[in-house]
Amino acid sequence: MSLGPVMMDLVGTTLSPQERAQLCHPLVGGVILFSRNYESPAQLRALTAEIRALRNPPLIITVDHEGGRVQRFREGFTALPALARIGEIHALDRARGRKLAHAAGYVMAAELLAHGVDLSFAPVLDLGRGVSTVIGDRAFAEDPLVVTELARQYVLGMTQAGMAACGKHFPGHGGVMGDSHTELPVDDRPLSALKHADLVPFARLCPTVLAAVMPAHVLYPQVDAEPAGFSRVWLQEVLRKAQRFSGVIFSDDLSMAGAHGAGDLGERARKALAAGCDVVLACNDPQGLDGLLAALAGYANPLSQARMARLHGRPAWTADELAANPDYRASCELLRSSFSELP
């Protein structure tokens, strides 16, 4: 059975019979985990093993695990710094900042892989302009070249651990005050302004470094009348053609308020896929999932399925083996010694 275009979430720390059935649906291709799905390292390993055993090829298991305030698993995992803290050190000591970005990506990815998680939706490539509260310290810096430099090191760390990288939120969420979780933000800048700022990290990393990209639920009316995640202009003309991106395009969560203008959950999914997304995230709406799957009946995209298959993680160690790995231990110590707020 090939991987479908829908990524669903789960209610709790174990699978319900209904969730097992939904995970076996041919239109489902993966799972995104949240803090509510985590109790302990052992519980997480059991949950991911059960999910993997349901399908062949196994479903892609993902999470938002950036560090700082966006880290879904905490007890038993290394506390990761917010990316802005790495940027602050980079401003004082460029070489140390690069090492810290690499270490953060490596530790994050190695720990997740050792617990059965394939992919973290990271790194954030938005610019830290001091405008967007939802981005805030999730961004490395305001300077797009600094963001590019540190993100490249972060991705190299992820790659060393065996995990692909997903840059977000294309073409940049940092220039708007609104939070797309609760509204549709509008960025009135023209494409020319975005090309010289927010788009720079994506343009430099998309062709060779990133395996996946997640667009923003943000409207850029001077570029297109549709928000980026539903826009063929952004996804096909800019991301695929101009930036030569050939990896997976994930929609951001279709339950977010920034996506509601596209219709009900099924309509949002159809529009996102028609615009060029390979995978749609349907979170926090378990009652709507069956309707979404019905709305996509008969849908198939072999190219998207092939792209998805490349996102399976390549764990090099079990959790016990990882704890004894000298590179991992050195990276953890570098993070702890650099950030006094980390335990």
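Whatever comes next refers back to the structure up there.
Residues numbered from 1 in each chain as written. Predicted model: local features only at pLDDT ≥ 70, side-chain atom pairs only at ≥ 80, totals over all residues. Heavy atoms only, no water.

### Things to note about the overall build of the protein
Then comes step 1: Of regular secondary structure, the protein possesses 13 helices and 10 strands.
Then comes step 2: Taking 343 residues into account, the globule formula puts the C-alpha radius of gyration at 20 Å, and the protein, at 19 Å, falls close to it.
Then comes step 3: C-alpha atoms of the protein, sized along the principal axes, occupy 50 × 50 × 30 Å.
Then comes step 4: In the protein, of all internal contacts separated by at least 6 residues, the share reaching a separation of at least 24 is 77%.
Then comes step 5: By element, 53% of the accessible surface of the protein is carried by carbon and sulfur atoms, the whole surface being about 13000 Å².
Then comes step 6: If the 32 positive side-chain charges of the protein are averaged to one point and the 36 negative ones to another, these points end up 6 Å apart. (Helix = DSSP H or I, 4+ residues; strand = E, 2+ residues; numbered from the N terminus. Rg over C-alpha atoms; globule rule 2.2 N^0.38 Å. Contact = heavy atoms within 4.5 Å. Areas by Shrake-Rupley, 256 points an atom, 1.4 Å probe, with all protein chains shown as cover. Lys, Arg positive; Asp, Glu negative; His and termini not counted. Charge placed at Lys NZ, Arg CZ, Asp CG, Glu CD.)

### Thoughts on the nonpolar core
Looking at soluble globular proteins, one finds that nonpolar side chains tend to be buried together.
Then comes step 1: Grouped together as the largest cluster of nonpolar side chains are 109 residues, with contacts concentrated most on Leu 33, Phe 140 and Phe 250.
Then comes step 2: Counting residues per element, this core draws most heavily on helix H4 (residues 94-114), which supplies 12 residues. (Core = buried A, V, L, I, M, F, W, Y, C linked by side-chain atoms within 4.5 Å. Buried < 20%, exposed > 50% of the residue type's maximum accessible area, 1.4 Å probe, protein only.)

### A short note on the sheet that holds strand E8 (residues 212-215)
Then comes step 1: Judged by pairing direction, the sheet is parallel, and its 3 strands sit side by side in the order E7-E8-E9 without closing on themselves. Each having just a single partner strand, strand E7 (166-170) and strand E9 (248-249) make up the two edges of the open sheet.
Then comes step 2: Sheet topology note: the E8/E9 ladder contains 2 bridges and is parallel. Across the sheet, Ala 212 pairs through a bridge with Val 248, a residue of E9. (Pairing = 2+ DSSP bridges.)

### Focus on helix H10 (residues 286-295)
Then comes step 1: If you check which residues of H10 are buried, you get Gly 288, Leu 289, Leu 292 and Leu 293. One side of H10 carries all its buried residues, which in axial view fall inside an arc of 145 degrees. Residues Gln 287 and Ala 294 are exposed on H10 and point more than 90 degrees away from its buried face.
Then comes step 2: Elements in contact with the buried residues of H10: strand E1 (6-8), helix H1 (17-23), strand E2 (28-33), helix H9 (265-275) and strand E10 (280-282). (Arc of directions from axis to C-beta.)

### Overview of the pairing of E2
Then comes step 1: Of all 6 residues making up E2, 6 are buried, and the element is well covered by its neighbours.
Then comes step 2: Two elements, E1 and E2, share 3 bridges in a ladder whose sense is parallel. Note on E2: the bridge partner recorded for Met 8 is Val 31.
Then comes step 3: Note that the unit made of E1, H1 and E2 has a crossover that is right-handed.
Then comes step 4: The handedness of the E2 to strand E3 (residues 60-63) crossover, carried by helix H2 (residues 41-53), is right-handed. (Right-handed = clockwise from strand over helix to strand, strands pointing away.)

### A short note on the side chain of Glu 111
Then comes step 1: For Glu 111, the position within the fold is in helix H4.
Then comes step 2: The charged side chain of Glu 111 is buried without a salt bridge, its nearest counter-charge being Arg 336 at 6.2 Å.
Then comes step 3: Ignoring anything within four residues of it in the chain, the contact list for Glu 111 reads Phe 77, Thr 78, Leu 322, Tyr 328 and Cys 332. (Salt bridge = Lys/Arg side-chain N within 4 Å of Asp/Glu carboxyl O.)

### Remarks on the packing of aromatic side chains
Then comes step 1: Under the criterion given, the structure shown has 9 aromatic pairs.
Then comes step 2: Here the aromatic rings of Tyr 38 and Phe 73 are separated by 4.9 Å at their centres, their planes lie at 35 degrees, and the arrangement is tilted. In this pair, Tyr 38 sits in the loop between E2 and H2 while Phe 73 sits in the loop between strand E5 (70-71) and helix H3 (83-92), placing the two residues 35 residues apart along the sequence.
Then comes step 3: With relative accessibility at 12%, the residue Tyr 38 sits in the buried group.
Then comes step 4: Since its relative accessible area comes to 0%, Phe 73 is described here as buried.
Then comes step 5: Ring centres of Phe 170 and Trp 234 lie 5.8 Å apart, and the angle between their planes is 90 degrees; this geometry places the pair in the edge-to-face category. (Phe/Tyr/Trp six-rings, centres within 6.5 Å; stacked < 30°, edge-to-face > 60°.)

### Here's the deal with helix H8 (residues 232-242)
Then comes step 1: Those residues of H8 not exposed but buried are Trp 234, Leu 235, Val 238, Leu 239 and Arg 240. Buried residues along H8 cover an arc of 165 degrees about the axis, so they all sit on one side. In H8, the exposed positions that point more than 90 degrees away from the buried face belong to Arg 232, Lys 241 and Ala 242.
Then comes step 2: By the N-cap criterion, in which a side-chain oxygen at the helix start approaches the backbone nitrogen of a residue two or three places on, H8 is capped by Ser 231, the distance to Val 233 being 3.2 Å.
Then comes step 3: Of the residues trailing H8, Arg 244 is marked for its positive phi of about 55 degrees. (Polar contact = N/O pair within 3.5 Å; in protein donor to acceptor, adjacent residues only side chain to side chain.)

### Regarding the sheet that holds E3
Then comes step 1: Strand order across the open sheet formed by 5 strands is E6-E3-E2-E1-E10, with parallel pairing between neighbours. Two strands close off the open sheet at either side, each with one partner strand: strand E6 (119-120) and E10.
Then comes step 2: Inspection of the sheet shows E3 paired to E6 by 2 bridges, in the parallel sense. Pairing of Thr 62 across the sheet is with Leu 119, part of E6.

### Brief notes about the environment of Ser 40
Then comes step 1: Following the sequence through the fold, Ser 40 ends up in the loop between E2 and H2.
Then comes step 2: Counting along the chain gives 159 residues from Ser 40 to Leu 199, while the straight-line C-alpha distance between them is 38 Å.
Then comes step 3: A polar atom in the side chain of Ser 40 sits 3.1 Å from the backbone nitrogen of Gln 43.

### Some remarks on the environment of Leu 210
Then comes step 1: Here Leu 210 is to be found in the loop between helix H7 (200-205) and E8.
Then comes step 2: Overall, the relative accessible area of 7% leaves Leu 210 in the buried class.
Then comes step 3: Separated by 107 residues in sequence, Leu 210 and Trp 317 place their C-alpha atoms 23 Å apart.

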